[in-house]
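The residues making up each chain are set out below.
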Amino acid sequence: MTHPKITVVGAGNVGATCALWAAQRDLGDVVLVDVVDGLAAGKALDLQQAAPIVGFSHTVTGTSDYAATSGSRLAIVTAGLARKPGMSRDDLLARNAEIVAGVVRSLVAASPEVILVIVSNPVDAMTVLAQRVSGLAPHRVVGMAGVLDSARMRTFIAAETGASPKDVQAFVLGGHGDSMVPLVRHSSVGGVPLGRLLTQERIERIVERTRGGGAEIVALLKTGSAFYAPGAAAVEMAQAILRDERRVLPCAAWCEKEYGVGGCYVGVPARLGARGVLDVLEFDLTAQERAAFEASTAAVKALVAQLARLGY
Ligand code: NAD
């Protein structure tokens, strides 16, 4: 068995949950990193002690020192502030830009060949920032949002139709924000298009709940944002890369000609394998879907322009 090293930066809710899912899947040796002294080491030690019960054979360690991350094949970046009620993901931009830039510089200095999976919000802009700061080829940097947003949509469709979530397909494109684009036309249950199973009104409710899926959880938790499904989504992407699965997953991938984006990270279906993003698959979009996608891309580009004003 190979033992790829996976670094997870941020040992908060999402980071610790990524470590948990990665350990459970026996994906590799996990190094958890946090600025708070002892936090990563404590959580890692606790998780490592589950190995005899759960039956994983890789190690989980925690540290504040990037020397321990040296030689990482892949790193998941979750460091930064999370939303509180009333905040949008975009409100986190300035503070998280500073945090993510520092984290990425340290990661790449220790592991020049690393592939980065960015989770910190606002994720599309943070992925642009991570690629710029790291100097890595764009295909080695990817953002997590679409797997989560699509999983939320699939969950809501399963609940509305009574189907198993495993049999539900759905795709959410665009930025990870209020302007995300749930693709109803490409949503199905066991291959049967959603429009054949539910009324337009019920479908609209699912679309709206998907767009507000993160905010619904923030409003309930009051002190933080979602972490179980986000952690699972980031680890799904990490597994596709580490095991060269070539899976098509919706994620924030670098697009030039694709979808006419013209150079930005935005949520699209991407094939993930050992090199990171292998390629981007293009749906034929209707005029309405294209307009929604372009509006979403414009929202991401506006955040990237703000990043430039902040000096990134
Ligand atoms: P959290 O507050 O529980 O954890 C964040 C952790 O980052 C803390 O432990 C903190 O000490 C650490 N941290 C801060 N600065 C750091 C630094 N410079 N180096 C290392 N660690 C540092 O927050 P969370 O719920 O885990 O969320 C983390 C981020 O993920 C937030 O920005 C949140 O908005 C984002 N998020 C994104 C998605 C998505 O779909 N992309 C989903 C959920 C959460």
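Scroll up to find the structure.
Reading the values: the criteria
- Residues numbered from 1 in each chain as written.
- Predicted model: local features only at pLDDT ≥ 70, side-chain atom pairs only at ≥ 80, totals over all residues.
- Heavy atoms only, no water.
- Helix = DSSP H or I, 4+ residues; strand = E, 2+ residues; numbered from the N terminus.
- Buried < 20%, exposed > 50% of the residue type's maximum accessible area, 1.4 Å probe, protein only.
- Contact = heavy atoms within 4.5 Å.
- Axes fitted to C-alpha atoms, helices over the stretch in contact; angles between N-to-C directions.
- Parallel < 35°, antiparallel > 145°, perpendicular 65-115°, else oblique.
- Left-handed = near helix turned anticlockwise from the far one by under 90°.
- Nonpolar A, V, L, I, M, F, W, Y, C, P; charged D, E, K, R; others polar.
- Pairing = 2+ DSSP bridges.
- Near = heavy atom within 4 Å.
- Polar contact = N/O pair within 3.5 Å; in protein donor to acceptor, adjacent residues only side chain to side chain.
- Areas by Shrake-Rupley, 256 points an atom, 1.4 Å probe, with all protein chains shown as cover.
- Core = buried A, V, L, I, M, F, W, Y, C linked by side-chain atoms within 4.5 Å.
- Expected span 1.5 Å × (residues − 1).

A. Summary view of the side chain of S225. In this structure, S225 sits in the loop between α8 (213–221) and α9 (228–242). Relative accessible area serves as the criterion here: at 19%, S225 is assigned to the buried category. Setting aside residues up to four positions removed in sequence, S225 forms contacts with A82, R83, I217 and V218.

B. Representation of the packing of helix α5 (residues 123–134) against helix α10 (residues 287–309). For the pair α5 and α10, the least separation of the axes is 9 Å and the interaxial angle reads 45 degrees. Viewed along their axes, α5 and α10 adopt a mutual orientation that is oblique. The handedness of the crossing between α5 and α10 comes out as right-handed. On the side of α5, the interface is formed by D124, A125, M126, V128, L129 and R132, while α10 contributes V300, L303, V304 and L307. For the contact of α5 with α10, the per-class residue count stands at eight nonpolar, no polar and two charged.

C. Local environment of the sheet that holds strand β8 (residues 181–189). Across the sheet, which stays open at both edges, the three strands sit in the order β7-β8-β9 with antiparallel pairing between neighbours. Of all the strands in the sheet, just β7 (168–173) and β9 (192–193) have a single pairing partner and so form its edges. Running over the sheet, helix α7 (residues 200–211) touches β7 and β8 and is turned about 125 degrees from β8. Contacting β7 and β8, α10 runs over the sheet at an angle of about 130 degrees to β8.

D. Quick peek at the site of the ligand. By nearness alone, 28 residues border the ligand, and N13, V14, D34, L81 and M144 come closest of all. Within the side chain of D34, an N or O atom sits 2.7 Å from an oxygen atom of the ligand. If the ligand stood free it would expose 860 Å²; the protein chains cover 85% of that surface. Elements with a minimum of two residues in the shell around the ligand: α1 (13–24) and α4 (93–110). The element best represented in the shell around the ligand is α4, accounting for three residues. Here the shell around the ligand is built from residues that sort into 18 nonpolar, nine polar and one charged.

E. Structural context of the nonpolar core. By size, the foremost hydrophobic cluster in this structure holds 88 residues, and its most contacted members are I76, L116, M237 and F293. When neighbours within four sequence positions are excluded, F293 is seen to be in contact with L173, G174, V181, Y259, V261, V266, G267, V268 and L285. Ranked by size, the runner-up nonpolar core spans 14 residues in total, among them M153, M180, L194 and V207.

F. Layout of the pairing of strand β12 (residues 276–280). Pairing of strand β11 (residues 264–273) with β12 involves four bridges; the strand directions are antiparallel. Bridge pairing links R271 to D279 in β12.

G. Structural detail: the environment of Q169. Checked against the element boundaries, Q169 lands in strand β7. The exposure class assigned to Q169 is partly exposed, which follows from its relative accessible area of 39%. Along the chain, Q169 and V189 lie 20 residues apart, while their C-alpha atoms are 6.3 Å from each other.

H. Main features of α9. With 15 residues, α9 extends 21 Å from end C-alpha to end C-alpha; this agrees with the ideal 21 Å at 1.5 Å per step. Burial analysis of α9 places 12 of its 15 residues in the buried class, which makes it a mostly covered element. Count one or two residues on from α9 and you reach D244, which has phi positive near 50 degrees.

I. The arrangement of α10 in detail. For α10, built from 23 residues, the straight-helix expectation of 33 Å at 1.5 Å per residue is met to within 8% by its first-to-last C-alpha distance of 33 Å. On its buried face, α10 is in contact with α4, α5, β7, β8 and β11. Phi turns positive, to about 95 degrees, at G311, one or two residues after α10.

The values are spatial; any link to function lies outside them.
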